[in-house]
Amino acid sequence: MTTKRLFDNTEIAFKLKNDSQLERAYFLFKMISKEPLVKIGTAATKFALNINLPVEGLIRSTVFDHFCGGVSEDDCLPVVDNLMEADVHSVLDYSVEGKEEEAQFDATMEKVIELTYFAKEKDAMPFSVFKPTGLGRFEIWRKITEKEPLTESETQEWERVVARYDRICQVAHECNIALLIDGEETWMQDAADDLCEQMMEKYNKEKPIVFNTLQCYRWDRLDYLKEIHKRAQKKGYKLGFKVVRGAYMEKENDRAEEKGYPTPICHDKRATDDHFNSVVNYILDHLTDVSLFLGSHNEQSTYLAMEVMNAKGLLRNDARVWFGQLYGMSDHISYNLAAAGYNVAKYIPFGPVKDVMPYLIRRAEENTSVAGQTSRELDLLKREKQRRGL
């Protein structure tokens, strides 16, 4: 099979799904492909959960079990073990969003630390992960990014955010577990980038432990990468980056228009793709200093990275290069890459059903805006059903 046809192998892509799981996946992507249904479904789900209708069982047996590993880390273990049989690693992602209280930020920190220790004991889990706003209020990130003065209590609040970051990074360093820090909206991201850079300088002396995220629908990320690379070389520490296209495009464009500043987003998909590929190529050109976690559901970008690795004579399982996709999506990329010998990890969201629903709703809404992605998933699932005679 030529490299360019690697992702067409549906037998490998769906080998972990039994017939009923395959049918469920087909049904879900069929629903997601219809934007009006997603809007109605997400509104109905929010309403049902808010008034405590007994719908958790239905959600759990359909969308939740397809896109999430379970309600707790122990609940995820069968999924983790199952994926590892196909040489696919796991990144357990505690996907509880939208909390704003100090006690919840402390609880999230403890959960990430717990998961990092948990990962230390499992070869299948080489990464830990968190979102910046899981450790501090969005508003405090925004004020620092936009250089607004903090009150005395806000200064203390920010110091607690920094302490949470430092504690998690310290544990990741002790456990030798790479830590992926997610990217968020531009109007809070500078503060997150700066704090992450401090943690890289402190904990990435020998190897990349702390990884930041580059959202490449932002047109300024290649320049940012080159600048931070210069600083890291000067100060003598390693860099790690998860490279993604980005998840907040409509919100970014709307805010730029509302506030009257130029949009931080590339002007079209082609520009985004070109920028993404340039960032990936830059990292692959500088692997001595920078490690890569390529978080993409885009086949062409993945093929391009594979071709560059091959041209440079890199081993497919070079420890400095990982490919990642979300659990329940793009299995044709993940499992075929793993079968071909590349380092692959699935992001596995988990948490209480009600608390994870904001994440799942956002994911469903994102999918409807990427029509080609959903139709590709449907086509492959349909072909595998035909191959099995279903």
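Being a predicted model, the structure only gives us computed values, none of them experimental. (Residues numbered from 1 in each chain as written. Predicted model: local features only at pLDDT ≥ 70, side-chain atom pairs only at ≥ 80, totals over all residues. Heavy atoms only, no water.)

*Asks:* Hey, could you run me through the nonpolar core in this one?
*Replies:* Across soluble globular proteins, nonpolar side chains show a tendency to be buried alongside one another. In this structure, Trp-141, Phe-241 and Val-243 are the most contacted members of the largest nonpolar core, which totals 80 residues. Excluding anything up to four places from it in sequence, Trp-141 contacts Pro-132, Thr-133, Gly-136, Trp-158, Val-161, Tyr-165, Trp-187, Met-188, Ala-191, Ala-192 and Leu-195. Listed in part, the 34 residues of the second largest apolar core include Phe-14, Ile-59, Leu-326 and Tyr-359. (Core = buried A, V, L, I, M, F, W, Y, C linked by side-chain atoms within 4.5 Å. Buried < 20%, exposed > 50% of the residue type's maximum accessible area, 1.4 Å probe, protein only. Contact = heavy atoms within 4.5 Å.)

*Asks:* Honestly, the environment of Ala-345 in this entry has me stumped. Any pointers?
*Replies:* The residue Ala-345 is located in strand S8 (residues 344-350) in this model. Looking at Ala-345, the relative accessible area reads 0%, which means it is buried. Distance from Ala-345 to Lys-235, taken between C-alpha atoms, is 30 Å for residues 110 residues apart in sequence. Contacts of Ala-345, omitting those with residues within four sequence positions, involve His-89, Val-91, Phe-127, Phe-293, Trp-322, Phe-323, Gly-324 and Gln-325. (Helix = DSSP H or I, 4+ residues; strand = E, 2+ residues; numbered from the N terminus.)

*Asks:* For this particular structure, what's the right way to read the environment of Ile-168?
*Replies:* Within the secondary structure layout, Ile-168 lies in helix H8 (residues 152-175). Sequence separation between Ile-168 and Ala-119 is 49 residues, and the spatial gap between their C-alpha atoms is 13 Å.

*Asks:* Mind showing me how you'd approach the packing of helix H13 (residues 299-311) against helix H14 (residues 331-339) here?
*Replies:* When two helices pack together, their arrangement is captured by the angle between the axes and the distance separating the axes. Orientation of H13 relative to H14, taken along the N-to-C sense of each, is 20°, at an axis distance of 11 Å. Here H13 is positioned roughly parallel relative to H14, judged by the angle of their axes. Crossing handedness for the pair H13 and H14: right-handed. The segment H13 lies against H14, with Glu-299, Thr-302 and Met-306 engaging His-332, Ile-333 and Leu-337. By residue class, the composition of the contact of H13 with H14 is 3 nonpolar, 2 polar and 1 charged. (Axes fitted to C-alpha atoms, helices over the stretch in contact; angles between N-to-C directions. Parallel < 35°, antiparallel > 145°, perpendicular 65-115°, else oblique. Left-handed = near helix turned anticlockwise from the far one by under 90°. Nonpolar A, V, L, I, M, F, W, Y, C, P; charged D, E, K, R; others polar.)

*Asks:* Is there a simple way to think about the pairing of S8 in this case?
*Replies:* Within S8, 7 of the 7 residues are buried, leaving the element largely enclosed by the surrounding structure. Relative to S8, strand S1 (residues 89-94) is paired through 6 bridges, and the arrangement is parallel. If you follow Tyr-94 over to S8, its bridge partner there is Phe-350. As paired elements, strand S7 (residues 321-326) and S8 share 4 bridges and run parallel to each other. Bridging from a neighbouring strand, Gly-324 pairs with Ala-345 of S8. A crossover links S7 with its parallel partner S8, the connecting element being H14, and its sense is right-handed. (Pairing = 2+ DSSP bridges. Right-handed = clockwise from strand over helix to strand, strands pointing away.)

*Asks:* How should I be thinking about the sheet that holds strand S6 (residues 290-295) in this particular structure?
*Replies:* By definition, the strands of a sheet pair up through backbone hydrogen bonds, in either a parallel or an antiparallel sense. Pairing is parallel in the open sheet, where 8 strands are placed in the order S1-S8-S7-S6-S5-S4-S3-S2. The strands lining the two open edges of the sheet, one partner per strand, are S1 and strand S2 (127-130). Strand-to-strand twist across the sheet, computed as the mean angle between neighbouring axes with direction ignored, equals 30°. Strands in contact with helix H9 (residues 186-203) are strand S3 (178-181), strand S4 (210-215) and strand S5 (239-244); relative to S4, the strand with the most contacts, it is inclined by about 150°.

*Asks:* Would you mind showing me how to read H14 here?
*Replies:* For an α-helix, the turn length of 3.6 residues means that residues three or four places apart are oriented alike. Where burial is concerned, most of H14 is hidden: 8 out of the 9 residues are buried. Immediately beyond the C-terminal end of H14, within one or two residues, lies Gly-341, with a positive phi of roughly 105°.

*Asks:* Looking at this model, I keep getting lost on a negative patch on the surface. Mind explaining?
*Replies:* A cluster of acidic side chains, namely Glu-250, Asp-254, Glu-257 and Glu-258, defines a negative patch on the protein surface. Relative to the helices and strands, Glu-257 is located in helix H11 (residues 249-259). (Patch = residues over 30% accessible without salt bridge, like charges linked within 9 Å, V, L, I, M, F, W, Y side chains within 5 Å. Areas by Shrake-Rupley, 256 points an atom, 1.4 Å probe, with all protein chains shown as cover. Salt bridge = Lys/Arg side-chain N within 4 Å of Asp/Glu carboxyl O. Lys, Arg positive; Asp, Glu negative; His and termini not counted. Charge placed at Lys NZ, Arg CZ, Asp CG, Glu CD.)

*Asks:* It is not clear to me how the environment of Val-91 should be interpreted in this structure. Could you clarify?
*Replies:* Among the secondary structure elements, Val-91 is positioned in strand S1. With 214 residues separating them along the chain, Val-91 and Ala-305 place their C-alpha atoms 21 Å apart. With near-sequence residues (within four places) excluded, Val-91 lies in contact with Phe-127, Val-129, Leu-180, Ala-345, Lys-346, Tyr-347 and Ile-348.

*Asks:* How do you make sense of the packing of H8 against H9 when you look at a structure like this?
*Replies:* Closest axis-to-axis distance for the H8/H9 pair is 10 Å, and the angle between their directions is 40°. As summarised for this structure, H8 and H9 are arranged oblique, according to the angle between their axes. Seen from above, H8 lies across H9 with right-handed handedness. Listed contacts from H9 to Trp-158, Val-161, Val-162, Tyr-165, Asp-166, Cys-169, Gln-170 and His-173 of H8 are Ala-191, Leu-195, Met-199, Lys-202 and Tyr-203. Residue composition of the contact of H8 with H9, grouped by class: 9 nonpolar, 2 polar and 2 charged.

*Asks:* Hey, could you run me through the packing of aromatic side chains in this one?
*Replies:* Aromatic rings considered in pairs are described by the distance between their centres and by the relative angle of their planes. Here the structure, examined in full by the defined rule, presents 12 aromatic pairs. The interplanar angle of 65° and the centroid separation of 6.2 Å between the aromatic rings of Phe-138 and Trp-187 together place this pair among those described as edge-to-face. Residue Phe-138 is located in helix H7 (residues 138-145), and its partner Trp-187 is located in helix H9; the two are separated by 49 residues in the primary sequence. Among the residues examined, Phe-138 registers a relative accessible area of 21% and is labelled partly exposed. (Phe/Tyr/Trp six-rings, centres within 6.5 Å; stacked < 30°, edge-to-face > 60°.)

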